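# Observations on the three-dimensional arrangement
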Amino acid sequence: MKIDLTDTTVSQINAALVQARRATGTPAVGIVLTLVIVTDEGNHYDALKAASEASKEHPSRILVVIRRPGRSSREHAGSHLDAEVRVGGETGSGETVLLRLHGELSAHAYSVVLPLLLPDAPVVVWWPQDAPAHPERDLLGTLAQRRIMDAAANEDPVAVLGARAEVYSPGDTDLAWTRITPWRSVLAAALDQKHGRIDSAVVEGEEHNPSTELLALWLAERLGVPVERVPTPGPGITAVRLLTEDGTICLDRPTGSLAKLAVPGQPDRHVALHRRSTAELIAEELRRLDPDEAYAEALRFGAAAGAQR
């Protein structure tokens, strides 16, 4: 069910949610969290599509904040709220509210979002692009247990990672980090087996790819060895080579889907290592609401190494 509200108020939006739940027979008790997406008109469709897919695993109240401050001073002076309430259908057991904040109201998203949060439910805020410089200090960020960003959405992703390290706060995470979860899992499993001393490592991937940088930082921090970055045409990360005294442990993914793991003294084997959709990444992030210490340690290691150069 979809209800359009023009020049509305938060009270009317809450009333529309109740009306829609009653009409569709959808209870609110199954909703486990509130996901706030802060985006713009041009990018909200893709972000909402990904969040809706993820909500099938994590039933959520999705609040999409779309700021429309206006280009002229006259448009900026005008202030009103339009909303679209969706319950049932593609939203499954969750709820979606699109909030279009016009004029001066666009600077006061916190006041609009706060009354729409579910009582006693955790809050996750996701900036698909244009994340604030200090996510924890952002008013919407202060509401959240988890704050999701994506360095890949920036012109200089690697530089953004350095800036994130300086302002990191428990609860911050980045989809560039989420993208390397399968790589870290396969490499950790390979290293659990008997192997010789690791002397160095090489990470191959697209130049300026933040996931390549984070994987290299994670390996350098965990293994305590130098890690070389080698640029390739991609897609994404294409290979990791761990140089040991017994030979090279190699995880090679030239096509972006199927990878080959070669370990000295063992037969090669193939592992599924496909490039995941945004919906899959968001679903993974919503599985945990505690701070990601491994991500924090990789960021801090990178910041410390950069300061020593």
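About the thresholds
- Residues numbered from 1 in each chain as written.
- Predicted model: local features only at pLDDT ≥ 70, side-chain atom pairs only at ≥ 80, totals over all residues.
- Heavy atoms only, no water.
- Core = buried A, V, L, I, M, F, W, Y, C linked by side-chain atoms within 4.5 Å.
- Buried < 20%, exposed > 50% of the residue type's maximum accessible area, 1.4 Å probe, protein only.
- Helix = DSSP H or I, 4+ residues; strand = E, 2+ residues; numbered from the N terminus.
- Contact = heavy atoms within 4.5 Å.
- Pairing = 2+ DSSP bridges.
- Axes fitted to C-alpha atoms, helices over the stretch in contact; angles between N-to-C directions.
- Polar contact = N/O pair within 3.5 Å; in protein donor to acceptor, adjacent residues only side chain to side chain.
- Right-handed = clockwise from strand over helix to strand, strands pointing away.
- Phe/Tyr/Trp six-rings, centres within 6.5 Å; stacked < 30°, edge-to-face > 60°.
- Lys NZ or Arg CZ within 6 Å of the ring centre and 35° of its normal.

## Examining the nonpolar core
Within soluble globular proteins, side chains that are nonpolar tend to cluster in buried spots. Among the nonpolar cores identified, the biggest contains 40 residues, and Trp177, Val203, Leu214, Leu215, Leu219, Val240 and Leu251 are the most heavily contacted of them. For this core, the element with the most residues is helix H8 (residues 210-223), which contributes 7 residues. Leave out the neighbours within four places in its chain, and Val203 touches Thr212, Leu215, Ala216, Leu219, Val227, Glu228, Arg229, Val230, Ile237, Ala239 and Val240. Residues Val65, Val97, Trp127 and Met149 belong to the second largest nonpolar core, which totals 31 residues.

## What about the sheet that holds strand S10 (residues 227-232)?
The strand order across the open sheet formed by 6 strands is S10-S9-S11-S12-S13-S14, and the pairing between neighbours is mixed. This sheet does not close on itself; its edge strands, each paired only once, are S10 and strand S14 (269-272). When the angles between neighbouring strand axes are averaged without regard to direction, this sheet yields 20°. One ladder, built from 6 bridges, connects strand S11 (residues 237-244) with strand S12 (residues 247-252); its direction is antiparallel. Residue pairing in the sheet places Leu242 in a bridge with Ile249 of S12. With respect to the sheet, helix H7 (residues 181-191) is in contact with strand S9 (198-206), S11, S12, strand S13 (258-262) and S14, its orientation differing from that of S11 by roughly 20°.

## Remarks on the environment of Thr142
Structurally, Thr142 can be placed in the loop between strand S6 (123-126) and strand S7 (146-149). With relative accessibility at 45%, the residue Thr142 sits in the partly exposed group. Taking the C-alpha atoms as reference points, Thr142 and Leu243, 101 residues apart in sequence, are found 44 Å from one another. At 2.5 Å, the side chain of Thr142 forms a polar contact with the backbone oxygen of Leu139.

## Let's talk about the pairing of S10
Alignment of S9 against S10, held across 6 bridges, turns out to be parallel. Counterpart to Val202 in the pairing with S10 is Glu228. After leaving S9, the chain enters H8 and then returns to the sheet as S10, a path that is right-handed.

## Here's the deal with the packing of aromatic side chains
Within the structure shown, the criterion is met by 2 aromatic pairs. With a centroid separation of 6.1 Å and an interplanar angle of 65°, the aromatic rings of Tyr168 and Tyr295 are classed as edge-to-face. In this pair, Tyr168 sits in the loop between helix H5 (157-167) and strand S8 (172-174) while Tyr295 sits in helix H10 (residues 293-308), placing the two residues 127 residues apart along the sequence. In terms of burial, Tyr168 and Tyr295 fall into one category: buried. Relative to Tyr295, the ring of Trp177 has its centre 5.7 Å away and its plane inclined at 55°; by these criteria the two rings are tilted. With a gap of 118 residues between them, Trp177 in helix H6 (residues 175-178) and Tyr295 in helix H10 connect regions that are remote in the sequence. Among the aromatic residues, those joined into a cluster by ring pairs are Tyr168, Trp177 and Tyr295. Above the face of the Trp218 ring, Arg184 is positioned so that its terminal group lies 5.7 Å from the ring centre.

Note that all results are geometric; they support no functional claim without further evidence.
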